[in-house]
Each structure stands twice: as structure tokens, then as C-alpha cells.
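# Descriptive structure summary
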Amino acid sequence: MKTKFPALFLFLLFPLFADIKLPAQIQNKAFIPEEIKKFFRFYPDLEYSALYDTEVNDWKIEITADLYFERTAKPKGKKSAAFYWAGGRLLPKDELKNKENYWILQYNYSNTLRDPKTYTQEEIEQITNFGSAEHRKNASGTPMFFFDFLYSADSKIIIEEHIIKTTFLGKATRIHERVYDALKRVEAKILEESKSDAETKQFVDSLKSADAYYWREIAGTKRKSFHSYGIAIDLLPKRLSGKSIYWGWEKDRVGDKWMMIPLEKRWIPPLKVRSIFEEEGFIWGGYWIIFDNMHFEYHPELVH
């Protein structure tokens, strides 16, 4: 299993919601800001309410979820947590003072491949810095608090009660129970497409592995990889035929100009495969400037 740095290259993030002052008892969903309602539309099984906290001038969001174990027919109870909106970061109260250290959860995901030939010198310098060990150590990152709650990721022992052994395109893998249905829909659509599309069939036939759940931190940080949640999956082909697939490996091989590797020299899943994943709520790591072309990750709040 490879070691990776989070591949979200977010130079242009901006707050989705500015602080406002409202009466403390407003909690009717008609008054909840659209940004909050929009985020939770992508997790329809969650029950939530919001109350404006005048002490900190932010929305406090109470969330309740059914607690399942390995796709049993009935929930085993409920779990609850409280977060503050924090401009789209969903932070516990004691982290509000550090909110600038975290990225916004719902940002403008782009599914357009950028040709490295179009990078300016300034962009190349920014990308080089973003991929440096020093930057990985000190930079802001994804706030994991909401995902820890959603996927019961308080510890390896706890989350593994929710990890399922299954297969994807014939390869053994382990995934979180919450994404099982979505991933199985992806599999069914790809197999159906492979019956009539030669490129998709070649993709399926050439697949070597489909690694998903693996408990670990991102190298150089204290943040868990999304593989630790069982919601990210790496699809590795049997042969790369000299093509690049992951920025970190290329940095080790060619140095700081790894981002200039042409698109035609990168291994890229077929567009139809990428589109099928997105239809079911997964983003593709190959669209990130810090590219991870084998990587798909479940974030329905980003692709719809």
C-alpha cells in the first residue's frame, strides 16, 4: 500500500457562509442558510437541526445517525454529535479558534484535466511548494471531525466493525458499509458498459487490484487518509507500460518537475469509467494537480 499526501489542491477556496447575528432560538429549517441545507442533502439519512449560537456567532448543528454493523437489516441504535458550521468546515467548538487551519468541505470540484503545458511559472512554483515535505507538515488540511462521526472512525477497532469484505470488478477489497451500495452500482454500470465499449472492457480486463480500506495516517501529517475510512479505492492496472500514475512516485523518480509529465504519458481510466464513478458520488484523483490517477474517493457533496 502506497503512502500518499491528501491530493486536494485548493488554492482558491473561499468561505461558503459569512458570520451573521440572529436570534438564539431560530432553528426552523426554513431559516437555516442554504449552504448548510445543500451540504446535508447529500447525506439524506442523517437527521440534523441547526441553532444559531450567539456566543460564537455561528450555527451549531446537531446531527443524529442510525448506527449499523455490517449491513444488518435494522440499525443497532443511534449516534449523535454537534458541530459548528465554521464557514463550511463542520468543527467542534474547541476548534473554532483554529478554523483557518482547515479547508472547506464543500468546494468547487473540477472534473477537467489540465494540460501541464498551460502552467505558468508562478503556478509551477506553487505546485512545487505544495508538494514539499515542509508544506505537508505545516499546511492546512481537510477537517476530519464530521467524517470521523459519519464513518465511526474513532479508532481502528471501532471502524473495522463497519468494514465489509467484498469484491470490485473481480478483485478482493474491503470497504465501509456506508458506501457498499454506491460502489456496487459503479461495478454494475462498468460491467454493463464493458459489454459494448472496448475501452471499458480493456480497463476491466487489465485491472490488477482494487485496494480500499487501509488504516493509516497521511505521510508527514496527523490526518487520516480517506483509505482509513474505507471510502477511497485505488484501482491499479497489471501494467503501466511506462506511464505515470501517482505524483509522489514521480517526484521520487524525476524530482520537482513531476507536475510537467504530459497527460499522454499518464495512465488514465476511460472517461466512461470516471463518469460512472461520479454518477454515484465518487471523485477522481487524476483531476487534482497533485495527481493520483488510480484513486477514487466517495464525496457525494462534491460531484452533484
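Residues numbered from 1 in each chain as written. Predicted model: local features only at pLDDT ≥ 70, side-chain atom pairs only at ≥ 80, totals over all residues. Heavy atoms only, no water.

### Considerations on helix H9 (residues 271–279)
Residues of H9 that are buried: Val-273, Arg-274, Ile-276, Phe-277 and Glu-278. At the exit of H9 stands Gly-281, carrying a positive phi of roughly 100 degrees. (Buried < 20%, exposed > 50% of the residue type's maximum accessible area, 1.4 Å probe, protein only. Helix = DSSP H or I, 4+ residues; strand = E, 2+ residues; numbered from the N terminus.)

### Side note on the sheet that holds strand S1 (residues 47–53)
Here we have three strands laid out as an open sheet, ordered S1-S2-S3, and antiparallel in their pairing. Two strands in the sheet have a free side with no partner beyond their single neighbour: S1 and strand S3 (78–84). Averaged over all pairs of adjacent strands, the angle between strand axes in this sheet comes to 15 degrees, irrespective of strand direction. Bridging between strand S2 (residues 58–66) and S3 involves seven bridges; their strand directions are antiparallel. The residue of S3 that forms the bridge with Glu-62 is Ala-82. (Pairing = 2+ DSSP bridges. Axes fitted to C-alpha atoms, helices over the stretch in contact; angles between N-to-C directions.)

### Examining the nonpolar core
Counting residues in each nonpolar core, the largest one holds 78 residues, and the members touching the most others are Phe-40, Phe-146, Phe-168 and Phe-277. Each residue touching Phe-168, except ones within four places of it in the same chain, is listed here: Thr-173, Leu-183, Val-186, Glu-187, Ile-190, Leu-207, Ala-210, Ile-233, Leu-235 and Phe-277. Counting five residues, the second-largest nonpolar core is a separate cluster that includes Tyr-84, Ala-86, Leu-91 and Tyr-102. (Core = buried A, V, L, I, M, F, W, Y, C linked by side-chain atoms within 4.5 Å. Contact = heavy atoms within 4.5 Å.)

### With respect to the pairing of S1
As judged from the seven bridges shared by S1 and S2, these two strands associate in the antiparallel manner. Its bridge partner lying in S2, Tyr-48 is registered against Ile-63. The hairpin turn running from S1 into S2, its antiparallel successor, is four residues long, and Asn-57 in that turn takes a positive phi close to 55 degrees.

### Structural notes on the confidence of the model for the chain
For any part of a model where pLDDT is low, the fine detail of the predicted coordinates should not be relied upon. Summing up the model confidence of the chain, the mean pLDDT is 88 and the portion of residues at 70 or higher is 85%. Segment residues 1–27: pLDDT under 50, and 84 contacts once partners within four positions in sequence are set aside and those in other chains are kept. (pLDDT = per-residue confidence, 0-100.)

### Concerning the pattern of salt bridges
According to the stated counting rule, one finds 19 salt bridges in the structure shown. Residues Arg-178 and Asp-45 are paired through a salt bridge, measuring 2.9 Å at the closest nitrogen-oxygen approach. Pair noted here: Arg-178 is in the loop between strand S5 (171–176) and helix H6 (180–194) and Asp-45 is in the loop between helix H1 (34–40) and S1, with a separation of 133 residues, a long-range link. Relative accessible area serves as the criterion here: at 28%, Arg-178 is assigned to the partly exposed category. Here the salt bridges do not stand alone but share partners, grouping Arg-185, Lys-189, Glu-279 and Glu-280 into one network. (Salt bridge = Lys/Arg side-chain N within 4 Å of Asp/Glu carboxyl O.)

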